Amino acid sequence: AKNNGRNRIQVYGDQMESPTADTLVLENDLYKALERNELRLHYQPQFDCATGQITGAEALLRWEHKGKLVSPAEFIPLAEESGLIVEMGAWVLREACAKAQAWRSRTGWPLRIAVNLSAVQLDQADITATVAQALHETGLPATALELEITESVVVRESLRAADILTELRALGVGIAIDDFGVGYSSFAYLRELPVDRFKLDRSFLSAVPQSEGDSRLAAALIAMAHRLEVGIVAEGVETEEQNAFLRDHGCDEAQGYHLGRPMKDDAFEALLVQHAQE
Ligand code: C2E
Ligand code: CA
Ligand code: CA
Ligand code: CA
């Protein structure tokens, strides 16, 4: 993948004006960023809806490129296309597990860390070994790691996905279905998957509680997860009204700007230390 990236830059080097060339330049810079350790993880806290306690954090990739933060929504697709995501994803796993384990031992808090996995990573024959190695190298207990896989991926790759999830879960890690609810048709299928949690997509919460229809739908999805004996985390909690709604409807956990933005590692550590002392 590395060499590919470089060769393609040379091939298209005389077309620097076109958007395609811009993309390739970005792709090449991304490769260098990984090599030079310029990628960072931010951590967004997750809270128990009933008690307000911190339960975990989601690790989110950040790339500071020429003084600007490039959104992962922009560079993850590039990394997937070039195959760089495999190496990048392995780094994310190691880094997130190492930080989580350091924080757990420093504070004694049973923190869980959530890491996003791309479809391309899931397709690697050695994905289970990569995850096992990150746990082994960092000493993080498998039960403290949760892998987030988007619903669309699981559905698209349906046959193989169930096997891989079963294999990963055998390590002891948790599996969360990200952006849950966006791909409606798959409820019957999702029920059969070996998963621990659903992450309710934030689109379901944006008009809660003003919209009665949306509020009923969100409540129904929470109830459905519980009927299936799967935990549920709501994403994109931006107001206290939404937070109260989730608590009142028995949602397990919540994550969002209202509760805590994604933050740098030292800021998250400070938050956790304070939280553990309360
Ligand atoms: P995601 O996994 O659905 O992550 C949640 C996104 O929602 C994050 O965007 C987060 O910053 C944002 N968010 C959190 N709370 C709120 C809120 O209250 N309101 C709103 N409007 N947004 C909120 P971010 O960090 O820009 O990441 C975008 C996407 O990039 C992620 O969506 C995920 O799909 C992908 N991504 C991020 N890090 C990684 C990674 O390490 N590996 C892979 N494969 N994908 C990643
Ligand atoms: Ca996620
Ligand atoms: Ca999500
Ligand atoms: Ca998403």
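Below, the structure is looked at part by part. Everything numeric here is computed off the predicted structure, so don't read it as measured data.

1. Considerations on the site of ligand 1
Link 1 in the chain: Surveying the vicinity of ligand 1 reveals 20 residues, the closest of which are Gln44, Arg62, Asp178, Glu238 and Tyr257.
Link 2 in the chain: Leu61 places a polar main-chain atom, nitrogen or oxygen, 3.1 Å from a nitrogen atom of ligand 1.
Link 3 in the chain: Here Asn116 contributes a side-chain N or O atom positioned 3.2 Å from an oxygen atom of ligand 1.
Link 4 in the chain: For ligand 1, the accessible surface in isolation is 800 Å², of which the surrounding protein chains cover 83%.
Link 5 in the chain: Elements supplying a minimum of two residues to the shell around ligand 1: β2 (54–65), α3 (72–82) and β6 (174–180).
Link 6 in the chain: With 4 residues, β2 is the largest single contributor of residues to the shell around ligand 1.
Link 7 in the chain: Its residues placed into classes, the shell around ligand 1 shows 8 nonpolar, 5 polar and 7 charged.

2. A few points about α3
Link 1 in the chain: Residues Phe75, Leu78, Ala79 and Ser82 constitute the buried set of α3. In a view along the axis of α3, the buried residues occupy a sector of 100°, so they form one face of it. Turned more than 90 degrees away from the buried face of α3, the exposed residues are Ala73 and Glu81.
Link 2 in the chain: Capping the start of α3, Ser71 holds a side-chain oxygen 3.0 Å from the backbone nitrogen of Ala73, two or three residues further along.
Link 3 in the chain: After α3 finishes, the residue Gly83 shows a positive phi value of roughly 85°.

Quick notes on the rules
Residues numbered from 1 in each chain as written. Chains lettered and ligands numbered in written order. Predicted model: local features only at pLDDT ≥ 70, side-chain atom pairs only at ≥ 80, totals over all residues. Heavy atoms only, no water. Near = heavy atom within 4 Å. Polar contact = N/O pair within 3.5 Å; in protein donor to acceptor, adjacent residues only side chain to side chain. Areas by Shrake-Rupley, 256 points an atom, 1.4 Å probe, with all protein chains shown as cover. Helix = DSSP H or I, 4+ residues; strand = E, 2+ residues; numbered from the N terminus. Nonpolar A, V, L, I, M, F, W, Y, C, P; charged D, E, K, R; others polar. Buried < 20%, exposed > 50% of the residue type's maximum accessible area, 1.4 Å probe, protein only. Arc of directions from axis to C-beta.

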